[in-house]
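Secondary and tertiary structure notes
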Amino acid sequence: MTGPDAAPTWFGADWNPEQWDRGTWREDVELMVRAGVNLATVGVFSWSSLEPRPGELTLDWLVDVLDLLHEHGITADLATPTASPPPWLGVRWPETRSVTDTGVRMSHGSRNHFCPSSPVYRERCRWIVQALLDRCAGHPAVALWHVGNEYGQTCHCDLCAAAFRTWLAERYGDLATLNRAWGTAVWSQGYAGWDEVVPPRAAPYVHNPAQRLDFRRWVSDAQLELYLEQRRLIREVDPVTPVTTNFMGFFPGIDYRRWAPHLDVVSDDSYPDPADPGSVVGSAMTADLMRGLAGDRPWMLMEQAWSSVSWREHNVAKTPARMRREAFQALARGAVGLCWFQWRQAADGPERFHSALLPATGPDTRSHRAVRELGAEVARLGPLGGRPVAEVCLVLDWPSWWAGTERGLPSTRLDPLEQLRRWYAACWAAGVTVDLRGVEDDLSGYRVVLAPSAFLLEPAAAAGLRERVTAGAHLVLGPFSGVVDARSRILPPPLPAGLAELLGARVEEWLPLPEPVALRPGPDADLAGGTATTWAEWLSTDGAEVWLTFEGGPADGGPALVSRASGAGRISYLACVPDEDLLSRWLLGCLRTAGVAVAEDHPEGVEVVRRGEHLVVVNHAPGPRLLPLARPATDRLTGRRHEGVVPLDPDAVCVLIEEDS
Amino acid sequence: MTGPDAAPTWFGADWNPEQWDRGTWREDVELMVRAGVNLATVGVFSWSSLEPRPGELTLDWLVDVLDLLHEHGITADLATPTASPPPWLGVRWPETRSVTDTGVRMSHGSRNHFCPSSPVYRERCRWIVQALLDRCAGHPAVALWHVGNEYGQTCHCDLCAAAFRTWLAERYGDLATLNRAWGTAVWSQGYAGWDEVVPPRAAPYVHNPAQRLDFRRWVSDAQLELYLEQRRLIREVDPVTPVTTNFMGFFPGIDYRRWAPHLDVVSDDSYPDPADPGSVVGSAMTADLMRGLAGDRPWMLMEQAWSSVSWREHNVAKTPARMRREAFQALARGAVGLCWFQWRQAADGPERFHSALLPATGPDTRSHRAVRELGAEVARLGPLGGRPVAEVCLVLDWPSWWAGTERGLPSTRLDPLEQLRRWYAACWAAGVTVDLRGVEDDLSGYRVVLAPSAFLLEPAAAAGLRERVTAGAHLVLGPFSGVVDARSRILPPPLPAGLAELLGARVEEWLPLPEPVALRPGPDADLAGGTATTWAEWLSTDGAEVWLTFEGGPADGGPALVSRASGAGRISYLACVPDEDLLSRWLLGCLRTAGVAVAEDHPEGVEVVRRGEHLVVVNHAPGPRLLPLARPATDRLTGRRHEGVVPLDPDAVCVLIEEDS
Amino acid sequence: MTGPDAAPTWFGADWNPEQWDRGTWREDVELMVRAGVNLATVGVFSWSSLEPRPGELTLDWLVDVLDLLHEHGITADLATPTASPPPWLGVRWPETRSVTDTGVRMSHGSRNHFCPSSPVYRERCRWIVQALLDRCAGHPAVALWHVGNEYGQTCHCDLCAAAFRTWLAERYGDLATLNRAWGTAVWSQGYAGWDEVVPPRAAPYVHNPAQRLDFRRWVSDAQLELYLEQRRLIREVDPVTPVTTNFMGFFPGIDYRRWAPHLDVVSDDSYPDPADPGSVVGSAMTADLMRGLAGDRPWMLMEQAWSSVSWREHNVAKTPARMRREAFQALARGAVGLCWFQWRQAADGPERFHSALLPATGPDTRSHRAVRELGAEVARLGPLGGRPVAEVCLVLDWPSWWAGTERGLPSTRLDPLEQLRRWYAACWAAGVTVDLRGVEDDLSGYRVVLAPSAFLLEPAAAAGLRERVTAGAHLVLGPFSGVVDARSRILPPPLPAGLAELLGARVEEWLPLPEPVALRPGPDADLAGGTATTWAEWLSTDGAEVWLTFEGGPADGGPALVSRASGAGRISYLACVPDEDLLSRWLLGCLRTAGVAVAEDHPEGVEVVRRGEHLVVVNHAPGPRLLPLARPATDRLTGRRHEGVVPLDPDAVCVLIEEDS
């Protein structure tokens, strides 16, 4: 299988020619060529155009589209059309439509109304995909296969109940084991027969968290099987062309860690909100997540909005300069492709006010001229090659995230993703590149392992972390870590489970704070204090250094941050949510102590990432900035040489090649 | 058919004698006479009192009620009782009950739980109406027929699905045309058979906007047919007495423009919230809407609250003085009747804390004494005759309003009705009388046509507007106008569709604003700047004068207001939401330039409307005001003569007859 | 039947051994003994552990548990397991599961998903309870029977509809009477047959309030029958041991006044939120409610959280000192037992983060050490005996509360419970002990009867209140009192119904306030003014003294507080919601005038209650306080003697025995 790494950077978009006449097709491809487009995603929502009536195929138009692209030197990302079945499927076979937890069966009229467990849906999927492969596999335009679209539905129907049971039976073997694993002695939930096990449907009060957690695992796995089913069909006829399906960043509905190994190219749909000041950091973090999921395979942006989306309450647009910054941010963080939803703005449908590379107001517009400029710039630059290398990783696992956002926890205000964002932001602001990994990934390359929220921590994973510490890493745990096992059951004390002895401290109580309290420097470390909000814990220590203590509140006088050297490394545990400044001082101190290069004078709002031989620089700040340079460097975008410092206007982007020292 | 124009002003209320014993009836009519009541609406919710069991008629009491009214010189507005079927209907024929979009079939126990497509419901309606006509048509008390009540339900059941399909088939002919019109190539929604077409029922995501728009049209038309069915029955036996059904102001559920031609008297239920400072302007606007709907037919207030309603969270009461102001506001704007809900406050039911002309605490109360005073005053005054005449119109069309409030638009903060209110308020504050019309109405009489939100603008309508400009009118368009066609499909550029050439400018981008930006005077006009909130657009010009430009934000430097003289008239396009002061300055400038009389010194909060030979003046301001007079005038309410100026206390009302100059 | 009054104070918790292995059981009981636990509630959610498959009994473990407790000198509160049926019940008999008002049938997976009207559910309940009795009745450990758990479900299924009809038929006799009682002439709701009567299910608009009110009565009665059914089974085999079921304080779903007579011990689940500054007063008020419900029978706390709960958004923990204050607050107010949910913190299930006497982090914790301290202290103290005696009562009745919180009232901001809390808080702050009673209870012992919200006031109840006034009491009515009858129908004027003549004033209008208005001293009383928010009324007087008048607003110049001496007593009516200071001044003035002892210098935040020979003192204030003493007294907790004054540190608790003077 040839990866796209050495190929030109993909620059393209979704294209839905079935919505337009053939005259428009020709105009489209000619404008694509002028805009530098080299990849078009086709067929994503084409089922009813390919099979307008059950069994009646109309694929000629799609072949013509592929021919047309190929004639113009544009490659195709060819999608299977199974994300949204035609009305006839759901009308003739109502059981193919998904059902909410209150028993409402979804109607057609929108999209994605399928039940993943319906044999009819799955058989019709295989049939239309096979038909597509029969006609289009091997077409010279096809450079990428795109299976379905944005998987992530949940269904609670009886077919899903049966499939869920089968999955559980494979996992737990017998019912007695399931009853123990789910703790069904609580609230009289003991199952007397497999037929009694159902998805978490509407109930008078809170559900069994183990049931919910396994259901979320099954939802992810059930859809993974849909993806794999199609991937297998593709591989039967095309063993070479990479296969992908588009992820959605930090989407909670699917465990992307379990999916990513099955994608040849990890692709992402990224829609940062320009009205959110945190979205620049958010899109950087998402890019690092995708790189981490991809491992040694490539990743790309499959969808973005060129200007504004249409599904928010108030859809603020990106300026062309902002879009360019985001494009280079992704390239800096390893992307091999930049694609958008979509090429030509729709005239019909719920997304017709979603921006596109070619707006509804035509090509002679400010917006489209900027598309051509970026397309030309990306083409001139060519592929950057290589990928960013990090000495620090942040840990995120879907099951822990799921378990940490269920009902019945001490507080809804200790959101795992928010904690992750805060820790990531501290690194980003200092120009430190980090990877996002799972706790069971190979973490051996990292000097520092940051786990802001390792709520669910299996004994094996804890053992792996202990090994990392012994081997020399600094393991930094956030509050409420090491609490539950894979069934979301509270682990036996001492907590954090599997790490308390190493730490020399144990958690006695979780104490959500009614109001902020002061944090004072502890006796064992030189770290100025600050403020804790939201959360405190009561810890007793037996060997740990106390770096911070609570002053006031329910944990008054108790440790708020403890740490201990162990083997060649160190373990720290933060028992609170510190203010941003304190968090940053502490985390960057950990990094420096562990030997990670952290600039003292990193300019605010400037993103700097080393990818291969390139140093990519993006100024996201509202004002001009100066970036210190260790060595003279030349900007490949302008050809200018910089020495000592790079002056950066707002929105500035540089792709520097440093001189050997 | 004799209209009620020359008759005394109707002064009355809903009366529900079926809730009371006969002793109370007699007390009621005697008190009505003392209060000046001359019209009583009876029978609105009487179905179960008229037909307590299927086919069992008990109409005698109603005839007795009509007799009693007639004996006391009170006329009757006789209602058909079909708004709320008795429990027996829904229990015996469950399909007569409406269904939500999630499939929940409504229960009885409240009201209005009917399905408009149920043959059984419709047959039982015709039967009970025929029975009512057989007994009561020709009764000398009956002065008005009142069909149903506040039509506006939505049902998603299978019967409605079938009726919706029939309606669509009549509109589109064949399925291929429907598929094109609805743009079903988007998201794989192509219909393979008519049986697949359904109302927009619960779906995983946003619906097809064309489907939703047509469904809203059908909902309105389906209920119109219910109304017409009864109207036809009435007309078969009574060709003379006017027929009405009560509207609800700016109610989004029904397209009143399509209904109004079928009403002999347009009647409205008006419930301004005294706690809302904008409600005085709102009730004026509603009155103007009703006058516009009525055209050359009369309009009246069918329902109001005398004091407070009971369905808000916190039901602030009107003072008697405020109620009197609202009464004269309606008379000024052309009303031929003032009726209230209801005569005697209920003791039972969900509306028992809704105020009434006769409160639950009896006639010897401050509140009821004020009723008698107003009744006497209105009777003394007699009918005002004539109707207000406007040189300015504001355009509102239900389909455009519907399309402009669907999901998937650039912003939910550009609400069509709110824009209309802001433009109306600018005129109201200056004492300028306006009409509210539909874009396809005959607009030839207006010097200025204001279209604050003509989002949906069919080519034919745009052509009509162009003609108005050529003929000399000033057409003023608000932002996001001329964007979609009747299917809510984005129109081909240049935009505003059908008007861009005339304007000499075209819209390139819609740019919802993250924060307010400054507006600067443009090069071509003498208009001081201000601030834009919520919305901006990027325009390119080719001939248009630029009156305002954006300073800052995503449209920095671009035009915010453009205008161009054309033929004998002018066209302007506002590409933003300006602050209130700027909007007012600009709109009033447009009016003056177009020759509309706009007073320079109109006192704040004073409403002045000329109706026939009367100048009706209402002081809504919290303090005293002075109204300049062009000619000496005499107040018919007090007999006092005013020269040069009319001094107005708070709450003051005058009905002036000006002296010939 | 022997009451628990003379026995040691119960100190204990729910214990769920079915969630743990037998090794843990032994550890548990040994730790219980060390903590002073003398009562363990077992079996609450054990159905699926007792009957894992239909008809298959596994009760041995429970007998072993009772044996183990008994061996360790711990008594058992043995629960019937019927609150949460096993999955097999609902799967095999779907009709046993409850249905929402939108028709959604509840699933298992949580708890309490039963339909109270299902014959199968009720038969299986009787069967498992009988099986439990057959094995466990007479066991020497059993000191208390605990039927079900926290009754309060609502079901709208067809079985419930039928049961509701039967209940209505017993109450109203025939359908014509029901139609009159429910006022079904409003909105055409006349019932033609009993089969048409249904619970208030989803409808397009507001329901008939009489239907809703009777449905709430039926819901309470239907579940009471479930309780009684089990109580009768218990009494057949055990005529002696007290029977209880746990209440939930001011829970709106069940009319505890109708239930309480059937409980031998009134027991309550009390979960004040430490993050709510009003919760200390709230838990005092709840204790007084329970004492009033119990009458001459004992009451106890069945459930509390030792530290934090897990079902709030943000679960702030109690400090051990705060928990101790709450414990003594309950003892002061008459509790004979202090129990918690639960003994050992769960590892599984939705409540695993709910605190417990033995935390998940083990016995060697700050939290558990405090449990042992309190257990020892309570044991040392022994039972306090006696009960508090009040000269003042506050009136609360569930039907009035229900009627006063329905839709369709003048304002949602005049919440009956909030008014009750405000009046109670004024008494609490002054150290005045009050009882909470129903309006139809025997109120003859009270000098002052406070009715902050007697919205629903039947003629008989009004007559009873008149008698109290004549006999010498001061009856103080809050706004919107005496308005509706038991059907929620507005009573005939004059209002307040049955009391207006006595008062010499009548209400003409209810006038929710758009903004606060000033209250001025009236001509007839020496009471400084203040501010009224939310609510005003327009009153006319005929004999009443006017103590306060409105200045401004819709009732400008009218009386806001009227009062009149009558017989040996007095009646007052407050027509507004005064500010806290004015309310307090006025209420305490009423109390003093009526001869109730009210200290002039009661220290802020200090709770003082006389129970039998003990004066229990709790300092809830954040700072030290001084409590004046009438006579020297000795603190039984410390042995210290105080004279003149008791110095109180924050969190201080004293149990004083005063010396004879």
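Residues numbered from 1 in each chain as written. Chains lettered and ligands numbered in written order. Predicted model: local features only at pLDDT ≥ 70, side-chain atom pairs only at ≥ 80, totals over all residues.

Considering the environment of Val577 of chain B
Residue and element names in this part refer to chain B. Within the fold, Val577 resides in strand β21 (residues 577-578). By C-beta crowding, Val577 is classed as buried, having 24 other C-beta atoms within 10 Å. For Val577, the contacting residues outside a window of four places in its chain are Leu414, Pro479, Ala532, Thr533, Thr534 and Trp535. (Helix = DSSP H or I, 4+ residues; strand = E, 2+ residues; numbered from the N terminus. Buried ≥ 20, exposed ≤ 12 C-beta atoms within 10 Å, placed from the backbone. Contact = placed C-beta atoms within 7 Å.)

Some thoughts on the sheet that holds strand β22 (residues 606-611) of chain A
All names here are of chain A. The strand order across the open sheet formed by 5 strands is β22-β23-β28-β25-β26, and the pairing between neighbours is antiparallel. Bordering the open sheet on either side are β22 and β26 (641-642), each of which pairs with just one other strand. Here strand β23 (residues 614-619) runs beside strand β28 (residues 653-658); their pairing, made up of 5 bridges, is antiparallel. Each residue of the ladder has a partner; that of Val618, found in β28, is Val653. Packing of helix α11 (residues 320-332) onto the sheet brings it into contact with β22, β23 and β28, and relative to β23 it is tilted by some 150 degrees. (Pairing = 2+ DSSP bridges. Axes fitted to C-alpha atoms, helices over the stretch in contact; angles between N-to-C directions.)

Some thoughts on the relation of the copies chain C and chain A
Here the second copy of the chain follows from the first by a rotation about an axis and a shift along it. When chain C is brought onto chain A, the operation consists of a screw motion whose angular component is 120 degrees and whose axial shift is 0.1 Å, with 0.1 Å RMSD remaining. Here the transformation between the copies is reduced to the relation of a three-fold axis. Judged by C-alpha distance, Val104 of chain C is the residue of chain C that lies nearest the rotation axis, at 5.3 Å. (Least-squares fit on C-alpha atoms with pLDDT ≥ 70 in both.)

A word on the interface of chain B and chain C
Opposite the 53 residues of chain B that make contact, chain C presents 46 residues. The set of elements that each furnish at least two residues to the side of chain B that touches chain C consists of α2 (47-50), α4 (87-92) and α12 (366-381) of chain B. Tallied by class, the residues present in the side of chain B that touches chain C amount to 21 nonpolar, 24 polar and 8 charged. (Nonpolar A, V, L, I, M, F, W, Y, C, P; charged D, E, K, R; others polar.)

Side note on the domain arrangement of chain A
Residue and element names in this part refer to chain A. The assigned domain composition of chain A is domain 1 (10-154 + 241-381), domain 2 (392-593) and domain 3 (606-658). Spacing between the C-alpha centres of domain 1 and domain 3 amounts to 32 Å. On the side of domain 3, 11 residues touch domain 1, which itself brings 13 residues to the contact. Broken down by secondary-structure element, the contributors of at least two residues to the side of domain 1 that touches domain 3 are α10 (279-294), α11 and α12 (366-381). Sort the elements by how many residues they give to the side of domain 1 that touches domain 3 and α11 lands first, with 7 residues. Classifying every residue of the side of domain 1 that touches domain 3 gives 7 nonpolar, 2 polar and 4 charged. (Domains from an automatic or database assignment.)

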